[in-house]
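What the coordinates show
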Amino acid sequence: MSRVFKFGDAISTDAIIPGRYNVTTDATALGKACFIEARPDFATSAQAGDVIVAGRNFGCGSSREHAPVAIKAAGIQAVVAQSFARIFYRNAINIGLPVVQCEAVYDAVADGDPISVDVRSGAIETNGKMFTGETPGPVAMAIMEAGTLIDLIKTRGWAAIEEVS
Amino acid sequence: MGTLTEEIFSRRLGRTVHAGEIVVAPVDYAMAHDVTGPLAIEAFRKLDVPLWDPERVIMVFDHILPANTVASAGLHKIVRDFADEFGVTHVFQEGICHQLMVEKGFVRPGGIVVGADSHSTTYGALGCFSAGFGSTDIAVTFATGRTWFRVPETIRINLRGQLPPGIFPKDLALKVIRMLGAEGANYLAVEWGGEAVEAMSVDERLTLANLTVDFGGKAGLCEPDENTRLYLGDAEVSDLHPVAPEYRSLIEVDAETLEPQIACPPAIDNVQDLSTVEGTKLDEVFVGSCANGRIEDLAIVAGYFKGRQVNPRTRTIVVPASKQIYMEALARGYIQTFMEAGAIVMNAGCGPCLGRQHGVLGPGERALSTSNRNYAGRMGSPQAEIYLANPSVAAASALAGEIADPRRVTPSPTLPTRGRETPASLPTRGRETPAAPPRGRQVAGVSAQ
């Protein structure tokens, strides 16, 4: 069972991967530095399949794509937040890190709680309760189906997005 | 028909476009820098296609310049190798990407520009739709010249009246962030208008558009006008206005009653009136960044520093936003003034804003910056604190060694005039010189009158 790593509001990309640690394109190195200052035990304690649950405006600030890359490389299966900053949301979808917007689950979980997330339907189950997050928009869904934006464009070109717009 | 955003997309696509539509649109330019560029290049290489147009890809070394570690030099090399291989000629290492995009003429009213940096909203000051993206989106634009947009709804912000002396666009932006919160414009475009904006120079509007992303805005636009035309040195700029626009919301802000606004740690929307934090001791003052590193900002600071010394317990660091601004500041004597006052003047670029190169903060240190981000750890130690303010507050605070009200400090009467007139001695190269709009608000306390 996946476990929850709970974060608060306005988690910036500076907190996810500080400027001093994103001087690389290596995903493994970024994963090891994920939340290195805001939550130093994160990278060592996160296990494959774990889930971040956060408050509002997750991923605000810098457009650095190193942030979702770091979270994904740390093993996180999905980020569930009450709201996401626009650029982070788009970056996460583009690199294949599932993100689910859900208002209600935040108050229902604590750090370490078991959780399961179905990123396509938005269904979230934790502590015996069911929640439904918002389903991704059509473009995000198309990218998720392909894996990453690069996969989608490489295989189908812009037609893949034009036909859902 | 519609908002500035809808007008721009409608013209670009040759049909009427409404907010909420998802469109795939061609862009004028795609920009990346030394930190976001390498990831974009890796993603681009995975597509295994030719570069869309080497003349429309802009690469800037600014976040870490010159390279300060072996790792950052490696990032630069990735960018250089890419530029060499694909024939990218617009490669710059002479200032902050956003300032260069404007100075070099890549930003046009009615244009669409994408940048792999959140503050790419800056170009909206000239009536260009510009937004920040991550590296993968920019990689796809490198390959195709296009990207997809959900055409955003718009918040219209009308700034009524004129800014009083000692109050600057930074204060207006922070006031709006105080009102709307850090995600108040998430997924939305913002139009900045009203009397105070109409009277602003393009430099001043750049500050408003820049800070739009810091309350979530996808783009922050001003209507192009006579100031814009003069700035661009181009009378041919076509008219662009909102036409019967339907706004998501309309916000009115009274410019005339504004106090200096300070964004207090650790969040951009933790905004207070200056008076509540006056006297806070400072270890560092940073003047610069894509928010406030332009010639008018340096003119304001020089006015306070002339003939004075900055407080010796405070590191004062001045970083012009571009080489051109640096050289203009040299010609006007500002750089000498800064150095005589005891400030450290560094090369054009992002400077200490993002804690990745020089001027980093240690644990327990406190800084006041004219930049746009004050998250914990942004400029160094997560135990450091960052206050954000306008350039006059930064100047007065550097002199006092603590947060101070510039309205209680008399600027030098011998001050160079405000930053509008480009001295004839400066080299001018067409659009590369931000020609100075002739009218607008006087910079308080800086001119001799």
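Residues numbered from 1 in each chain as written. Chains lettered and ligands numbered in written order. Predicted model: local features only at pLDDT ≥ 70, side-chain atom pairs only at ≥ 80, totals over all residues.

1. Brief notes about the overall build of chain B
Defined as follows: For helices the rule is a DSSP run of H or I covering at least 4 residues; for strands it is a run of E covering at least 2, with both sets numbered from the N terminus onward. Only the C-alpha atoms count toward the radius of gyration. The rule for a globule is 2.2 Å times the residue count to the power 0.38. The exposure scheme places C-beta atoms from the backbone and then counts, for each residue, the other C-beta atoms within 10 Å of its own, assigning buried at 20 or more, exposed at 12 or fewer, and partly exposed in between. Here, residue contact means that the backbone-derived C-beta atoms of the two residues sit within 7 Å.
Looking only at helices and strands, one finds 14 helices and 18 strands in chain B. Relative to the compact-globule value of 22 Å for 449 residues, chain B shows a C-alpha radius of gyration of 21 Å, a close match. Across its three principal directions, the C-alpha atoms of chain B cover 55 × 55 × 45 Å. Residue burial in chain B is summarised as follows: out of 449 residues, 61% are buried. Across chain B, the fraction of contacts at a sequence separation of at least 24, relative to all contacts at a separation of at least 6, is 78%.

2. Let's talk about the confidence of the model for chain B
Residue and element names in this part refer to chain B. Selection rule: What pLDDT expresses is the predictor's confidence in each residue, scored from 0 to 100.
Averaged over all residues, the pLDDT of chain B equals 92, while 92% of them reach at least 70. A low-confidence stretch, residues 415–449 (pLDDT under 50), is modelled with 81 contacts involving residues beyond four sequence positions or located in other chains. With pTM at 0.93, the complex prediction returns an ipTM value of 0.98.

3. Notes on the sheet that holds strand β3 (residues 78–81) of chain A
All names here are of chain A. The following threshold applies: At least two DSSP bridges between two strands are needed for those strands to be called paired. Axes, fitted as lines to C-alpha atoms, cover a helix only where it is in contact. Angles between the N-to-C directions of the axes lie from 0 to 180 degrees.
As summarised here, the arrangement of the 7 strands in space is β4-β3-β2-β1-β5-β6-β7, forming an open sheet in which the pairing is mixed. Two strands in the sheet have a free side with no partner beyond their single neighbour: β4 (99–101) and β7 (129–132). If you compare each strand with its neighbour and ignore which way they point, the axes differ by 30 degrees on average. Relative to strand β5 (residues 114–118), strand β1 (residues 2–6) runs antiparallel, the two being bridged by 2 bridges. Each residue of the ladder has a partner; that of S2, found in β5, is I115.

4. Considerations on the interface of chain A and chain B
Spelled out, the test is: In this classification, the charged set is Asp, Glu, Lys and Arg, the nonpolar set is Ala, Val, Leu, Ile, Met, Phe, Trp, Tyr, Cys and Pro, and all remaining amino acids, among them Gly, are polar.
If you look at the interface, chain A gives 39 residues, while chain B gives 43 residues. Put simply, the parts of the chain that give the side of chain A that touches chain B at least two residues each are α1 (13–16), α5 (86–95), α7 (149–156) and α8 (159–162) of chain A. Looking at the side of chain A that touches chain B, the element that brings in the most residues is α5(A), giving 6 residues. Of the residues assigned to the side of chain A that touches chain B, the class counts are 15 nonpolar, 14 polar and 10 charged.

5. Looking at helix α1 (residues 4–13) of chain B
All of the buried residues along α1(B) are L4(B), T5(B), E6(B), E7(B), I8(B) and F9(B). Positive backbone phi, approximately 70 degrees, marks G14(B), located one or two places after α1(B).

6. Brief notes about the pairing of strand β5 (residues 112–115) of chain B
Residue and element names in this part refer to chain B. Judged by which residues are buried, β5 turns out to be covered on both faces: I112 and V114 on one side and V113 and G115 on the other are all buried. Here strand β2 (residues 29–33) pairs with β5 via 3 bridges, running parallel. Each residue of the ladder has a partner; that of M31, found in β5, is G115. Bridge count for β5 against strand β6 (residues 129–132) is 4 bridges, and the pairing is parallel. By the bridge assignment for β6, G115 is matched with G132.

7. Quick look at the domain arrangement of chain B
All names here are of chain B. How we decide: Bear in mind that the domain bounds are from an automatic or database domain assignment.
Taken domain by domain, chain B consists of domain 1 (4–255) and domain 2 (261–432). For domain 1 and domain 2, the distance between their C-alpha centres works out to 23 Å. Considered class by class, the residues forming the side of domain 1 that touches domain 2 number 11 nonpolar, 14 polar and 11 charged.

8. Structural notes on the pairing of strand β6 (residues 123–126) of chain A
Residues and elements named next belong to chain A. Residues of β6 alternate between two faces, with I124 and T126 buried on one and A123 and E125 left unburied on the opposite face. Looking at chain direction, β5 and β6 are connected through 4 bridges and run antiparallel. If you follow S116 over to β6, its bridge partner there is E125. With antiparallel pairing between neighbouring strands as the criterion, β5 and β6 make up a hairpin whose turn holds 4 residues, including G122 at a positive phi of roughly 80 degrees. Inspection of the sheet shows β6 paired to β7 by 4 bridges, in the antiparallel sense. Opposite E125, over in β7, you have M130 as the bridge partner. Turn length for the β6-β7 hairpin, with the two strands adjacent in sequence and antiparallel, is 2 residues, and the turn residue N127 shows positive phi of about 50 degrees.

9. Some points on helix α14 (residues 391–400) of chain B
All names here are of chain B. Of all 10 residues in α14, 10 are buried, a share of seventy percent or more. Taken together, the buried positions of α14 are P391, S392, V393, A394, A395, A396, S397, A398, L399 and A400. Buried residues belonging to α14 abut β14 (284–287), α10 (289–292), α11 (295–305), β15 (315–318) and β17 (366–369). Positive backbone phi, approximately 75 degrees, marks G401, located one or two places after α14.

10. So, the environment of R332(B)
Looking at the secondary structure, you find R332(B) in the loop between α12 (323–331) and α13 (334–340). Along the sequence, R332(B) and I177(B) sit 155 residues apart, while their C-alpha atoms lie 34 Å from each other.

11. Comments concerning the nonpolar core
Rules: Residues of type Ala, Val, Leu, Ile, Met, Phe, Trp, Tyr and Cys that are buried and joined through C-beta atoms within 7 Å form what is called a nonpolar core.
Ranked by size, the top nonpolar core spans 207 residues in total, and within it C34(A), A70(A), V79(A) and V80(A) carry the most contacts. Among the elements that take part in this core, α11(B) stands out by supplying 8 residues, more than any other. Residue contributions to this core reach at least three from each of two domains, namely domain 1 (4–255) and domain 2 (261–432) of chain B. Once you skip the residues sitting within four places of it in the chain, V80(A) turns out to touch V51(A), V53(A), V100(A), C102(A), V105(A), V117(A), I124(A) and G133(A).

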